[in-house]
Amino acid sequence: MLCFASSGSQTRFTFEGSKDFQQIIDKSLAGFINRKEGGLKVRNGASGWAHRITDMIIVLAKDISEHAKEIIRTYVKERGYHIREQVLGEDAIIGATGKGQIDLREIGLLPGVERVSATAKPYELASRETKPEDTIVSVGGIAIGGARISIIAGPCAVESRAQILETAALVRESGAVILRGGAYKPRTSPYAFQGLGMEGLEYLKEAGEREGMPIVTEVVSPELADSMKDLTDMFQIGARNMQNFELLKRVGSLGKPVLLKRGPSATIEEWLLSVEYLLAAGTKDVVLCERGIRTFETYTRNTLDISAIPVIKELSHLPIIVDPSHAVGIRAKVAPAALAAIAAGADGITVEVHPEPDKALSDGQQSLYGDQFERLMRDIEALAPVVGKELLRTPRPHVKTSTTLVLQTEKPVSNSIAFSGESGAYAEQALMRAFGEEAPRMMAPSFTAVFDAVLDGKAGFGIIPVENSLTGSIHENYDLFLRYPDIAITGELKLRIIHCLIACEQAALDSISIVRSHPQGFAQCREFLNNHPTWKTEAYNDTASAVASIARTGDLNLAAIAGEAAARAHGLKILRSGIETNPRNYTRFVIISRRNGTATIVPSSLIGDKQPNKASLVFSVQDRPGCLFECLKILSERGINLSKLESRPIQGQPWQYLFYVDVNIPENPSVFNDAIEPLKAQAANFHLLGVYRASA
Ligand code: PEP
Ligand code: MN
């Protein structure tokens, strides 16, 4: 019999009857009770006077005293419960399990209790009831969960040093953010390749470091977990070991992120209970991985349980990714399964990729070729916004952050200076201004090629445009500094840009129908072009290449927007000069060189015997109010003048920004040097792009 009486906002339950019925009542009474301004608020169901509760979670107030905690412990224990204390996200909690009689509202009134909930879920730490917001797991700085899709890729097994280095470079190039590879392979047959063991893990680590990717590898025994701990960024617990409870307890106690695969015959509840083992042992960072379950269907290796994704999302706050490779076991079916997983809300995938799948020592039949993986990445990138997410790509702008620079004026590795474009390019004019008319130079087909030439040592210096006084920053080049942490800014130069309309000798204004230039050239001559509305524009990598292309054809319909030097270099005629909208049109170029540890080589022509008086920095801020202000305050308090502040979105991390800052270094450089440590402490990432002499 179930009786209830209602008085005001409170409802009171009593019950008599069978044990089963009582359990049903216990479950239906599960709910949150919030303490609010001294009163009680019942959420998500009803509550009763003292009744049997098997599991409950008490979330403690942030400022709770040790004394108040002790009162709670004693209160709960005296009523027949075992307690566990845990930190979950930002919250300290006491979990209690038992078969006692307890009135949750009384606990809610104890000092230091933020809220209390009875839960019918046996996996309370993993449960979304306990922690409503998504957990974001960080693996060596790479985030999994929330609004991003993170891709783990690599071979089934590490087979040799060369194989893993090659695969790492291949998957990195396509945008994978974490490298996988089995060193210990749990194989169905004892005669199959068992993995290279510790040696394999060393190779995996080397490959990860070389490509700047964190690594994940499977651990198969509690003893091995200890020795693998310092080598891997994330442990994988394989499907076959999902219920190896001793392994779960040991790995969970090591505090490293864990990727827990679903057992081939495990229910979702069993899987979440295994997650609970890991969380109860101490780790907070668990990612679930659906990898297909065993069904009556034998066409595919397993059956991918797509519905597990939304179910886990509802039941748990932890991220879930999918392994399409082991789910389907057939190469051609891997990509469709991966895309379905993303569409269903997965936080990422882990996928097997091999440079030569036909020669793979394990799981070659389900490993993707490099070009298939590249295609899959593009498809995931296109699909991500449909589910409100963004593919995480190359998100480690500051792998090798450098915070100090020592200037050297000794000879660079090569005399040559790289610039982007053909002869006559504005960059070449800037180069001649900085290094002299006769300076040895090399043309590069793109800005990236300039960075590559300097990094490889083929060029001692490079020169690239970074901003224009009319059209603003050239973001492509700012982004390149993040991709090339070993390249530093070592000088700067401002060049006035006078654009000309350039064409063949026989051409005239009325013969022109197509204009070629760099998009910045069009933007800076907008008014002139508006007066010729019938002209079509064609974008080129740089202004001088546009001129060169016309010189090669001799076509009278073509014209280019470029500098006078380009017209001269390619023997063409200037139809109009000074066509830029605003005569105050300046482009700022920076000279780049390769870092040598913390040292960077400065061209003596730019610095002479003077001190550097300008620095370029980049940092991102932590996600809390006032962080940018605090960073800038560090500069202003020291009287350091800011000459530029600009924000850029961080690629692959939606709505997060990097701040580019230029500052003037004061007379006494130690004032600037002393600001670096506090800035590093305050900002989330801090990278000193260079210290150099400002141009006039
Ligand atoms: C693996 O990812 O290498 C693996 C063995 O997968 P599973 O444990 O899912 O079979
Ligand atoms: Mn495999």
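Provided above is the structure to which this section pertains.
In this report, the structure presented in the accompanying data block is examined. Computed from a predicted structure; not experimentally measured. (Residues numbered from 1 in each chain as written. Chains lettered and ligands numbered in written order. Predicted model: local features only at pLDDT ≥ 70, side-chain atom pairs only at ≥ 80, totals over all residues. Heavy atoms only, no water.)

1. Description of the coordination of the manganese ion (ligand 2)
What counts is decided by this rule: Coordination partners: N, O, S within 2.8 Å of the metal, 3.2 Å for Na, K and Ca; water not considered, so apparent gaps in a site are possible. Runs of E in the DSSP output that reach at least two residues are strands. Runs of H or I that reach at least four are helices, and both are numbered from the N terminus. Each residue's exposure class comes from its accessible area (1.4 Å probe, protein chains only) as a fraction of the maximum for that residue type: buried when under 20%, exposed when over 50%, partly exposed otherwise.
Taken together, Cys-156 (SG), His-326 (NE2), Glu-352 (OE) and Asp-363 (OD) make up the full set of protein donors to the manganese ion (ligand 2), lying 2.0 to 2.4 Å away. When the donor residues of the manganese ion (ligand 2) are listed from N- to C-terminus, their spacing reads C-x169-H-x25-E-x10-D. One end of the pair, Cys-156, is in the loop between β13 (148–154) and α4 (161–174); the other, Asp-363, is in the loop between β20 (348–352) and α12 (370–383), and 207 residues separate them in sequence. Among the residues examined, Cys-156 registers a relative accessible area of 3% and is labelled buried. Residue classification places Asp-363 among the buried positions, given a relative accessible area of 13%.

2. Digging into the packing of aromatic side chains
Worth spelling out the cut-off: Only Phe, Tyr and Trp rings take part, Trp by its six-membered ring, and two of them pair if their centres are within 6.5 Å. Stacked means planes under 30 degrees apart, edge-to-face means over 60, and tilted covers everything else. The criterion for a charge sitting over a ring is simple: Lys NZ or Arg CZ within 6 Å of the ring centre, and within 35 degrees of the ring normal.
Counting across every chain of the model gives seven aromatic pairs. Judged by centre distance (5.3 Å) and plane angle (75°), the ring pair of Phe-451 and Phe-481 falls under edge-to-face. Of this pair, Phe-451 sits in helix α14 (residues 447–456) while Phe-481 sits in helix α15 (residues 475–483), and the two are 30 residues apart along the sequence. We classify Phe-451 as buried; its relative accessible area is 0%. Residue classification places Phe-481 among the buried positions, given a relative accessible area of 0%. Through successive ring pairs, a cluster of aromatic residues spans Phe-451, Phe-481 and Tyr-484. Between Arg-79 and the ring centre of Tyr-75, over which it is positioned, the NZ or CZ distance is 3.6 Å.

3. Side note on the environment of Thr-130
Counted only if it meets this: Between two residues, a contact is recorded if the distance between any of their heavy atoms is within 4.5 Å. Within 3.5 Å is the distance limit for a polar contact, defined as a pair of N or O atoms, with the added protein rule that one can donate a hydrogen and the other accept it, and that residues adjacent in sequence qualify only through two side-chain atoms.
Relative to the assigned elements, Thr-130 resides in the loop between β10 (113–118) and β11 (137–139). Between the alpha carbons of Thr-130 and Ile-58 there is a distance of 9.3 Å; along the sequence they are 72 residues apart. Discounting residues that sit within four places of it in the chain, Thr-130 has contacts with Ile-57, Leu-88, Ile-93, Arg-115 and Glu-124. Polar contacts involving the side chain of Thr-130 include one to the main-chain carbonyl oxygen of Glu-124, which spans 2.5 Å.

Coordinates in, geometry out; function isn't part of it.
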